[in-house]
Amino acid sequence: MSDPAEELPVVVLDAVAPTSQRRILNRRGSAVWEVEGDKGHFAVKLGYPIEATPDWSAQPWTAHAPAREGSILYRLGVEGVSYGEWERGTWNAQPWREGPDLYDLWAGCRRKERPIEPHVEVALSCAEALASLHRAGWSHGDVQPAHFIVGPTATHLIDLALARGGWVPEGHDFPYRGCLVHYEAPEISASVLAIGEAEPSPEADVYALGASLLISATGWRAVEYPDDAPRGVQRQAIVNGKRRKVSVPGKLGALVDGMLSYNPGERPTIAEVVSALS
């Protein structure tokens with residue numbers, strides 16, 4: 001089967017006019033390119049539908065995700081954003097964010113010998129990035145360590161394709177069916193198991209940030225389940241509340257434990273998280 005995102009389509013080349021380009025990711029209906037040129041330094045995303053295979057069910061919505069994200073970034077006032085359609089799906093171009101993600105940055109915290117204590121100021125910068133999105137009226141819906149890019153002057157929360165909170169073009173919209181299960185709040189998992197869909201919320205984002213801080217600092221997921229278990233089994237473990245007995249070391253420990261509270265109303269708000277870390 002040919003690679004649907006082997007090259008940038010002409011419509012994208014016309015939009016970003018690259019002088020250099022390299023594909024850095026191609027996975028499950030989404031390819032990401034780093035592009036530089038006279039118009040700027042961009043991350044370009046191409047979406048295409050996932051065909052049904054023995055290992056994967058068909059996922060046509062992946063073709064719409066880049067345009068959906070592009071429309072959200074535009075409404076949030078992010079400069080340098082463009083998006084549209086190509087022959088296999090949709091695309092967007094957004095400013096390139098330089099820096100390691102949260103998980104990579106905290107690699108030293110997960111060393112077996114002489115691990116370092118997780119930096120409170122890094123956790124604060126991640127919380128502030130999420131708080132900014134919540135103040136704008138949006139829930140992210142896909143908070144995970146790889147989506148916090150810790151730059152030299154600011155931390156950026158990326159990958160907003162699943163966010164909810166405002167209008168998006170009807171032709172590029174699709175239901176929210178949960179996210180990467182490691183960071184899924186119990187109420188999200190329960191809804192996905194019950195009806196196949198859920199509604200992102202600020203409370204679920206706070207849980208996901210707590211789970212992201214935990215795994216980045218310790219290497220352990222918040223909930224115990226087999227690595228190779230089907231997603232339904234993993235989600236049921238989350239609904240059953242099978243928390244691991246592991247906490248983030250240092251000053252962050254009690255706060256992260258609260259963020260991972262089973263009941264949404266018992267979690268701190270993101271504003272409270274920021275205040276605690278400040």
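Rules used throughout
Numbers given to residues run from 1 along each chain, matching the order in which its sequence is written. The model is predicted, so local features are restricted to residues of pLDDT at least 70 and side-chain atom pairs to those at 80 or more, both for listing and for counting; the totals for chains, interfaces and linings are taken over all residues. In computing side-chain values, all of the structure's heavy atoms are included and hydrogens and water are not. Counting from the N terminus, the helices are DSSP H or I runs at least four residues long and the strands are E runs at least two residues long. A radius of gyration in this sense is built from C-alpha atoms; the matching globule rule multiplies 2.2 Å by the number of residues raised to 0.38. To sort residues, take the accessible area from a 1.4 Å probe on protein chains only and compare it with the maximum for the residue type: under 20% means buried, over 50% means exposed, and anything in between is partly exposed. Only the protein chains shown count as cover for residues, and all accessible areas are computed by the Shrake-Rupley method using a 1.4 Å probe. Charge convention: Lys and Arg are scored as positive, Asp and Glu as negative, and His as well as the terminal groups of each chain are ignored. Charged groups are reduced to one reference atom each: NZ for lysine, CZ for arginine, CG for aspartic acid, CD for glutamic acid. Helix axes are fitted to C-alpha atoms over the stretch in contact, other axes to C-alpha atoms as well, and angles between N-to-C directions run from 0 to 180 degrees. Just so you know how the angles are binned, under 35 degrees is roughly parallel, over 145 roughly antiparallel, 65 to 115 roughly perpendicular, and the rest oblique. By definition, any crossing whose near helix is turned counterclockwise from its far helix by less than a right angle is left-handed, and any crossing with a clockwise turn is right-handed. We call two residues contacting when some pair of their heavy atoms lies within 4.5 Å. For this classification, Asp, Glu, Lys and Arg are treated as charged, while Ala, Val, Leu, Ile, Met, Phe, Trp, Tyr, Cys and Pro are nonpolar and the rest, including Gly, are polar. Any carboxyl oxygen of Asp or Glu within 4 Å of a side-chain nitrogen of Lys or Arg constitutes a salt bridge here. The pairing criterion is simple: DSSP has to find at least two bridges between the two strands. Put simply, the grid is 1 Å and covers the protein atoms alone, a cavity is a trapped set of points that fit a 1.4 Å probe, a pocket is an open set with protein on both sides within 12 Å along at least five of seven lines, and lining residues have an atom within 4 Å of a point. Grid points are joined across faces, edges and corners, and a volume is the space filled by probe spheres set on the points. For this analysis, a polar contact is any N or O atom pair within 3.5 Å, provided that within protein one partner can donate a hydrogen and the other can accept it, and provided that sequence-adjacent residues contribute only side-chain to side-chain pairs.

Right, let's talk about the overall build of the chain for a bit. Check the secondary structure of the chain and you find nine helices and seven strands. Against the compact-globule benchmark of 19 Å for 278 residues, the chain has a radius of gyration of 19 Å, which places it among compact chains. Expressed as lengths along the three principal axes of its C-alpha atoms, the size of the chain is roughly 50 × 40 × 40 Å. The buried share of the chain, reckoned over its 278 residues, is 50%. Within the structure as shown, the chain displays about 13600 Å² of accessible surface, and the carbon and sulfur contribution to it stands at 51%. Distance between charge centroids for the chain: 6 Å, based on 26 positive and 36 negative side chains.

Turning our attention to the packing of helix H4 (residues 120-135) against helix H6 (residues 202-218). Relative orientation of the contacting elements H4 and H6 amounts to 160 degrees, with a least axis distance of 11 Å. Considered as vectors, H4 and H6 are oriented roughly antiparallel to each other. The handedness of the crossing between H4 and H6 comes out as right-handed. Side by side, H4 and H6 meet where Ala123, Cys126, Ala127, Leu130 and His134 of the first sit next to Pro202, Asp205, Leu209 and Leu213 of the second. Per-class residue counts for the contact of H4 with H6 are seven nonpolar, one polar and one charged.

Our focus in this paragraph is the pattern of salt bridges. Enumeration according to the criterion identifies nine salt bridges in this entry. For Arg221, the salt bridge goes to Asp227, with nearest N and O atoms at 2.7 Å. For Arg221, a relative accessible area of 11% gives the class buried. The class for Asp227 is exposed, based on a relative accessible area of 64%.

Before going further, it helps to spend a moment on the sheet that holds strand S1 (residues 18-27). Strands sit in the order S1-S2-S3-S5-S4 across an open sheet of five strands; the sheet is antiparallel. Only two strands of the sheet have a single partner each, and these edge strands are S1 and strand S4 (82-86). For this sheet, the mean inter-axis angle between neighbouring strands, taken without regard to orientation, is 20 degrees. With eight bridges joining them, strand S2 (residues 30-37) and strand S3 (residues 40-47) adopt antiparallel strand pairing. Within the sheet, the bridge partner assigned to Val35 lies in S3 and is Phe42.

Size it by volume and the largest pocket reaches roughly 1500 Å³. Elements with a minimum of two residues in the lining of the largest pocket: S1, S2, S3, helix H2 (65-75), strand S5 (89-95), helix H5 (186-195) and helix H7 (231-239). Partitioned by chemical class, the residues of the lining of the largest pocket number 23 nonpolar, twelve polar and twelve charged. Volume-wise, the second largest pocket comes out at about 360 Å³. Around the second largest pocket, the lining comprises 17 residues; the ones closest to its centre are Leu73, Val78, Arg97, His156 and Leu157. Elements supplying a minimum of two residues to the lining of the second largest pocket: S5, H4 and strand S7 (155-157). Across the lining of the second largest pocket, the residue classes tally to eleven nonpolar, four polar and two charged.

Let us now look at the pairing of S2. Where S1 meets S2, eight bridges bridge the pair, whose relative direction is antiparallel. Each residue of the ladder has a partner; that of Arg23, found in S2, is Trp33. What sits between S1 and S2 in their antiparallel hairpin is a turn of two residues, with Arg28 showing a positive phi close to 50 degrees. Between S2 and S3, which pair antiparallel one after the other, the connecting turn spans two residues.

Further remarks concern the side chain of Lys45. Along the chain, Lys45 falls in strand S3. Among the residues examined, Lys45 registers a relative accessible area of 11% and is labelled buried. One polar contact links Lys45 to Asp159, side chain to side chain, over a distance of 2.5 Å. Beyond its immediate chain neighbours, meaning those up to four positions away, Lys45 contacts Ala31, Val32, Pro66, Glu69, Thr90, Trp91, Asn92, Gln94 and Asp159.

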